[in-house]
Amino acid sequence: MKSSQIAKIQIAFFVALTCLRLNAQQTPKALAIGDKIPDIELTKIINYPKSKLRTSDFKGKALLIDFWAPWCSPCVANFSRLDTLQDKFRDKIQILPVTKESREFSEKVLTSLQKAKNITPVMSVVEVSLFTRLFDFHVLPHYIWIDATGVIKAITGADEVNDE
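Residues numbered from 1 in each chain as written. Predicted model: local features only at pLDDT ≥ 70, side-chain atom pairs only at ≥ 80, totals over all residues. Heavy atoms only, no water.

What is the right way to look at the side chain of Ser-106 in this model?
Position of Ser-106 relative to the elements: it lies in helix H4 (residues 103-117). When residues no more than four places from it in sequence are discounted, the contact partners of Ser-106 are Ile-46, Trp-68, Pro-70, Thr-99, Glu-101 and Val-126. (Helix = DSSP H or I, 4+ residues; strand = E, 2+ residues; numbered from the N terminus. Contact = heavy atoms within 4.5 Å.)

Below, the structure written as structure tokens:
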């Protein structure tokens, strides 16, 4: 092989490694129990008085992240129970529903639910992708329990969401 061919191969190899490294740096590591949740800004929110929120806005309260989808019957059915818990423990916990689905689809389902069950308008973060990548899950509903200091304490399903 000629030295010019070797040089081209080395350059191609270097470029490929650089691309892989950059891609790896852009993909966040999934969080686990014991990890501290980063301060993330969320801007696509339904039924919230502000146009954006940060996870740090709830510091001092426990945060229950509820991953849901408008097409998930158990997720939607659980909103009545979550509304009751949010009301009962208002000063101690913030329940934060999060979905990857569109604003329009999510809003339609939440509005119907609010009318049918006579519950408080459900706040939800919509069209989220980064946030969902931070928590590796495959089943809905999916809950992340974060204590008042921002540390992930549990990752559960719907059965564990209760007064205790």
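What follows continues from the structure just given.
Mind showing me how you'd approach unusual backbone geometry here?
The bulk of non-glycine residues show a negative phi, and the bulk of peptide bonds are trans. Following Leu-140, the chain continues to Pro-141 via a peptide bond in cis, the omega torsion being -10°. Relative to the elements of secondary structure, Pro-141 occurs in the loop between helix H5 (130-134) and strand E7 (142-146). Here the phi dihedral of Asn-47 falls at roughly 55°; this positive angle occurs in a residue that is not glycine. On the secondary structure map, Asn-47 appears in the loop between strand E2 (45-46) and strand E3 (53-54). For Asn-47, a relative accessible area of 40% translates into the label partly exposed. Residues other than glycine seldom take positive phi values, yet Glu-127 does so here, at roughly 55°. For Glu-127, the location among the structural elements is in the loop between strand E6 (124-125) and H5. (Buried < 20%, exposed > 50% of the residue type's maximum accessible area, 1.4 Å probe, protein only.)

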